[in-house]
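# Architecture and fold: a report
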Amino acid sequence: MIRNIIFDMGNVLLNYDPRLPLEKFAETEADRAVILKELFEGPEWTEGDLGYITVEGKFERIKTRVPERLHGALKDCVCRWHETMEPVAGAQEFVKYVQEKGYQTYILSNASTEFYLYFPRCYDVASFRGVVVSADIHMIKPDAGIYRYLLETYGLIPEESLFIDDRPENIEAARELGIKGVVFDGDFDGIEKKFHL
């Protein structure tokens, strides 16, 4: 029996699409391609999720790799990328539904500490029984350690827990520890029916 529902954040609860801040803050497609490569696909993004670099540190490092004329757009993307984050369609309703049905809900997210700035704009953090953000514990999915941390911290039984994530490798890592998992494809109704929630 499922008692716990664990949510990934990006592209499960909130839309994460680097193209949106790039379109908002960078003027040309060529400029967007540069910032995409150096910021969103660069090593500093993962370091941020691991909690090893600050927002300011990201900008200072990355600006050395982009033309000076792009420093303004880069800074906006580094500091304000999350302004374009909106709830995934149906996510708020699904969270409310499972909480009202009595399931304990948790967040398990690869995210920098900026999570605490943007997530509360869309969700009541206090309504989740537990929140694990990778930057706080210096581990990221699919490292088995981050799943163990969640299970041990909140006393969860893996077989009673369902993990919803948009990345297959993260679901596979959860399943290896006995956690039920489903790769999210935008269909909350399908999850509700499949697992009889």
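Residues numbered from 1 in each chain as written. Predicted model: local features only at pLDDT ≥ 70, side-chain atom pairs only at ≥ 80, totals over all residues. Heavy atoms only, no water.

## Quick look at the side chain of Glu114
Put simply, the rule reads: A helix here means a DSSP run of H or I that spans at least four residues, while a strand means a run of E at least two residues long, and both kinds are numbered starting from the N terminus. Summary of the burial criterion: residues with accessible area below 20% of their type's maximum are buried, those above 50% are exposed, and those between are partly exposed, where the area comes from a 1.4 Å probe applied to protein chains only. Residues adjacent in sequence count toward polar contacts only when both atoms are side-chain atoms; beyond that, a polar contact is any pair of N or O atoms within 3.5 Å, and within protein one must be able to donate a hydrogen and the other to accept it. Contacts between residues were defined by any pair of non-hydrogen atoms, one from each residue, lying within 4.5 Å.
Its location among the elements puts Glu114 in the loop between β2 (104-109) and α7 (115-118). Of the residues examined, Glu114 reaches a relative accessible area of 6% and is grouped as buried. Polar side-chain contacts of Glu114 include one of 2.9 Å to the side chain of Ser112. If near-sequence neighbours (up to four positions away) are discounted, Glu114 is found in contact with Val55, Lys58, Val78, Cys79, Trp81 and His82.

## Examining the pattern of salt bridges
Definition in use: The rule for a salt bridge is simple: a side-chain nitrogen of Lys or Arg has to be within 4 Å of a carboxyl oxygen of Asp or Glu.
Per the stated rule, a full pass over the model turns up 17 salt bridges. Between Glu44 and Arg65 there is a salt bridge; the shortest N-O distance is 2.8 Å. Taken together, the residues Glu44 in helix α3 (residues 43-49) and Arg65 in the loop between α4 (55-62) and α5 (71-80) connect sequence positions 21 residues apart. Note that Glu169 is salt-bridged to Arg167, the shortest N-O span being 2.8 Å. Overall, Arg167 belongs to the partly exposed group, its relative accessible area being 45%. Bridged by salt links that share partners, the residues Lys37, Glu38, Glu44, Glu47, Arg61 and Arg65 form one connected network.

## Topic: the packing of aromatic side chains
Inclusion rule: Each pair of aromatic rings taken from Phe, Tyr and Trp, with Trp reduced to its six-membered ring, is defined by centres within 6.5 Å and is described as stacked if the planes are under 30 degrees apart, edge-to-face if over 60, and tilted in the remaining cases.
What the rule picks out here adds up to 17 aromatic pairs. Measuring from centroid to centroid gives 5.3 Å for Phe115 and Tyr116, while their planes differ by 85°, and the two rings are edge-to-face. For Phe115, a relative accessible area of 0% translates into the label buried. For Tyr116, a relative accessible area of 38% corresponds to the partly exposed category.

## Some thoughts on the nonpolar core
Using the following cut-off: For this analysis, a nonpolar core means a set of buried residues of the types Ala, Val, Leu, Ile, Met, Phe, Trp, Tyr and Cys, connected via side-chain atoms within 4.5 Å.
Ranked by size, the top nonpolar core spans 49 residues in total, and within it Phe7, Leu13, Phe119, Ile164 and Leu197 carry the most contacts. Those residues in contact with Phe119 that sit more than four places away from it in its chain are Met9, Leu13, Leu14, Ile107, Val125 and Phe128. Counting residues in each nonpolar core, the second largest holds 15 residues, with Tyr106, Leu156, Ile171 and Ile179 among its members.

## Some words on the side chain of Lys141
Structurally, the position occupied by Lys141 is in the loop between α8 (134-137) and α9 (144-154). Within the structure, the side chain of Lys141 is placed 2.8 Å from the side chain of Asp165, a separation counted as a polar contact. If sequence neighbours within four positions are ignored, Lys141 has contacts with Asp8, Leu108, Ser109, Asn110, Ile146, Tyr147, Phe163, Asp165 and Asn170.

## Concerning the pairing of strand β3 (residues 130-133)
Condition: We call two strands paired when DSSP finds no fewer than two bridges between them.
Alternating positions in β3 separate into two faces, Gly130 and Val132 on one and Val131 and Val133 on the other, with burial throughout. Examined bridge by bridge, β2 and β3 share four bridges and lie parallel to one another. Counterpart to Ser109 in the pairing with β3 is Val133.

## Some remarks on the packing of α4 against α5
Basically, it comes down to this: Whenever a helix is involved, its axis is fitted only over the stretch in contact; in every case the axis is a line through C-alpha atoms, and angles between N-to-C directions fall within 0 to 180 degrees. Should an angle lie under 35 degrees it is considered roughly parallel, over 145 roughly antiparallel, and from 65 to 115 roughly perpendicular; all remaining angles are considered oblique. We call a crossing left-handed when the near helix sits turned anticlockwise from the far one by less than a right angle, and right-handed when that turn is clockwise. Each residue is assigned to one class: nonpolar for Ala, Val, Leu, Ile, Met, Phe, Trp, Tyr, Cys and Pro, charged for Asp, Glu, Lys and Arg, and polar for all the others, Gly among them.
Axis separation between α4 and α5 bottoms out at 10 Å; the angle between their running directions is 150°. When the interaxial angle is binned, α4 and α5 end up roughly antiparallel. For the element pair α4 and α5, the recorded crossing hand is right-handed. Taking contact as the criterion, the partners of Val55, Lys58, Phe59 and Ile62 in α4 are, on α5, His71, Leu74, Lys75, Val78 and Cys79. Its residues assigned to classes, the contact of α4 with α5 comprises six nonpolar, one polar and two charged.

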